[in-house]
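The lines below spell out each chain.
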Amino acid sequence: MAPETSQFESCEMLGAFLASTPLVEETWRLCRRANADAHQSFAVKAVGRVSYVAFSGVQAVARSRDMVELDQNVFGRCLEGKGKIMVDAALLQLFLSFYVRPDFNQKMLEVLKQSKSVVFGGHSLGGPIASLSALWLLTHIRTASLAHPISVFCITFGSPMLGNGPFSQAIIQERWDGNFCHVVAPHDLVPRLLSMTKSADGEKTRSRLDNDHDQDQERCSNYSPFGNYMFCSDKGAVCLDNATTINRFLYSTMAATSSSPASGVEDHLKYEDYVGMLSYQYMKMRCSSAITHCGSNSEAGIAFALQTLGISSNQEATYKAATTCLATARRLGRPRSLNNAKMAVSLAKINPFRAELEWYKKHCDDQLGYYDSFKTRGASRREFKVNMNRLRLGRFWDQLIEQMESNQLTRDFHKLPKYVNASNFYKLLVEPLEIAEYYRTGKHREKGHYVEHGREKRFKIFDKWWGEKDEQKTTTTTRSKYASLTQDSCFWARVEEAICLIYDVVGETDSGRRGVLLDKIGEFERYARGMVERKEVSVDVLVENSSYNLFRNEWRELRAQLQTSQSHFHQFQDGMVQ
C-alpha cells in the first residue's frame, strides 16, 4: 500500500491561518464600505502597521471575452512563462483606470511609507482590480529600493477569473500564488462565468456539468484560476490551490444544488454571512468527530472537505465525482515537504561532481587558467569527464526548477539557505564553463553574444534568488585577497564581447559607429578594472595567457594606434595651415 499523504497541504494551512485571524473580516468590512461609497471608489484603512486597500465592486465595464498581454510598462518583465501571459482586456482596463489616478498613487505612496504589510481586497469586479494591484506592488517591490520590506496579500470575494493558463503558471513560478486567496460562495455565478465554454447552441450549464471530468478542457475557456480558492458554505470552508481541482470544484459545487440563476445572484451578495460564520464554523468542523468512521486519514480528509462544501453522500453522482477529483489530486504528486526532502538527497548526490570541477579549477594550467583551459581543451579523459560533470549539474538544476514551476516544492523553497547558497556557488563555478563552451563552438556567431542570446534560464533564476538574499544585507566587506570564484558569473562573456568589439572597431569605417564601439569597450575596461581592484575576481583571471589579458593587450594596442592616427592627422592639419 502506498504511504498516505495529504492533498491539502500548504493551502489547508493558509485556510486555517485566515480563519484564525481577522484578515478576512477586516478586508470584507473595507470592501463593504467601498461598495457603499461612490461609483469606482476605493477605501484605505490602517490597522497598526497593516494597511488594507479595498476596491468597490460597483464598476462600469464593457463586457467582452477579449484577452490582452500585461502591460510591461506597468508590471515590468517579472512574469515569464510558456506562452503569452494574458488577462481579460476589460478587467485590465479597470485596474489601469485606478493606476493613473493621482489620488490612488498618493495613497499608495503613503501606504508604502507607513506599512509593513499591505492587504488588497475587492468584491465582485473589485476583485480583479485588487489582484492586479497586488501583482503590480509585488513587481514594484522587486525592482524598487524601499526603506523596509513589505509583505503583500490579496483577498477577493466573488471575483471573476482574470487571466489565462500561462498567467496562472507565471505566478506560481514567481512563488506568488500564496499571496492570493479568492473567497467563493457555493452558488455564486460570477467566479464561474468566464471559465465556462461558449455554447453556440445555447446548451445549459447544468447539462455540461454532468459530463465526465475528462472533458474539463473542452468545458473551460482560456481563463484559468490562480492562487488559492477558499470555497465557503454555511458549514465552513475548504481551501484549494490546484487549478485543475479548483475548476472541477467550481462545477461540482454548482452541480450539487438545484438552485436557479436568481439564487446564484443572491449568493453573490451573501458574503457578509459567510465571512461572519467562517471562523466559528471552521473551528467547529476541525473539532467535529462526525467523520471518525473513515478508514484512513486520506478518506477523512476528503470526507471533511466534501462535508464542509455541503456535498453529501446522498448526492451520489456529484459526491462520487468530487471524491474522485480529490483522490486524483492526491495521486498527482507526493507532498511538497516530502519532495523537498528528496531534493536534499539529490543535492547531496551531485556534490561529488561539483567537487571534481573544483579540483579541475585548482589544477588548471597556470598560464591559461580555469576558463581558457576548458575553452581550449583537448580530447583527454580528464577534460571529457569535466564536461560530463558540467552537463550532469545542469540537468539536476533544470529538474529542480521544473519541479518548482510545476508547484511540486514548498512555496518558500527558493528562500531556503541551503539551495540559495548551493545555486549561487554552482552559478559561479559552472557558468564560466558554459560561456567557454558557447564561444568554443562558435554559437556567438550564429545566435549573438552569450549574455543576451545564450544564457540559460537557470542562471537568471539564480540571480533573482541571490539578489533577494543580498537585499537583506546591511553591510559590505572589503576583500584582502582575490576571490576563489569570480563574483560576476558572466565576466568571461563580457570579456569575449569586448574582444569582438575591438575587432569590430578595426574594421569600422564610419566614425560615428566607431565612437559608439569605443565607448562600450571603455565602459567594460573600467568595469573590469574595478572588479580587479576590489579583488572580486579569481586569480586565474590575471594569469599571463588568459582571455582577459588578451583583451588588455589588444585594447592597449588599439589605443596606441588611435593616438598615432590622431597625431598624424593633427600634423597633416598643421601642414595645411602653414
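The following refers to the structure shown. Given the structure is predicted, the values throughout are model-derived calculations rather than measurements. Going along each chain's sequence as written, the residues are numbered from 1 onward. Whole-chain, interface and lining totals are the exception, using all residues; otherwise, since this is a predicted model, local features are given only for residues with pLDDT of at least 70 and side-chain atom pairs are given and counted only at 80 or more. Processing note: side-chain calculations cover all non-hydrogen atoms of the structure and skip hydrogens and water entirely.

### Concerning the packing of helix H19 (residues 417-440) against helix H23 (residues 491-507)
- Axis definition: a line fitted to C-alpha atoms, limited for helices to the stretch in contact. Angles are taken between N-to-C directions and run from 0 to 180 degrees. Helix and strand definitions here come from DSSP, where helices need a minimum of 4 consecutive H or I residues and strands a minimum of 2 consecutive E residues; each element is numbered from the N-terminal end. Running from N to C, H19 and H23 cross one another at 30°; their axes reach a closest spacing of 8 Å. Between H19 and H23, the crossing angle belongs to the class labelled roughly parallel. Contacts between H19 and H23 involve Pro432, Ile435 and Tyr439 from the former and Trp492, Ala493, Glu496 and Glu497 from the latter.
- Each residue gets one of three labels, nonpolar for Ala, Val, Leu, Ile, Met, Phe, Trp, Tyr, Cys and Pro, charged for Asp, Glu, Lys and Arg, and polar for the others, Gly among them. Of the residues that constitute the contact of H19 with H23, the class distribution is five nonpolar, no polar and two charged. Angle categories: roughly parallel below 35 degrees, roughly antiparallel above 145, roughly perpendicular from 65 to 115, and oblique for all the rest. Working rule for contacts: check all heavy atoms of both residues, and any pair within 4.5 Å makes them a contact.

### Section: unusual backbone geometry
- Positive phi, close to 65°, is recorded for Arg175, a residue that is not glycine.
- With respect to the helices and strands, the residue Arg175 is situated in the loop between helix H7 (165-173) and strand S8 (180-184).
- Note on classification: 1.4 Å probe, protein chains only; a residue is buried when its accessible area is under 20% of the maximum for its type, exposed when over 50%, partly exposed between these limits. Overall, the relative accessible area of 6% leaves Arg175 in the buried class.
- With a phi close to 60°, Lys535 is a non-glycine residue in the positive phi region.
- Along the chain, the position of Lys535 falls in the loop between helix H24 (511-533) and helix H25 (547-577).

### With respect to the sheet that holds strand S6 (residues 151-157)
- The strand order S1-S2-S5-S6-S8-S10-S11 describes an open sheet built from seven strands, whose pairing is mixed. The sheet is open, and its two edges are formed by strand S1 (42-47) and strand S11 (236-240), each paired on a single side. The average angle at which neighbouring strand axes cross in this sheet is 20°, direction not considered.
- For two strands to count as paired, DSSP must find a minimum of two bridges between them. Of the strand pairs in this sheet, S1 and strand S2 (residues 50-55) are connected by six bridges, and their pairing is antiparallel. For Ala46, the partnering residue across the bridge sits in S2 and is Ser51.

So, to be careful, I would describe these as geometric facts and stop short of saying anything about function.
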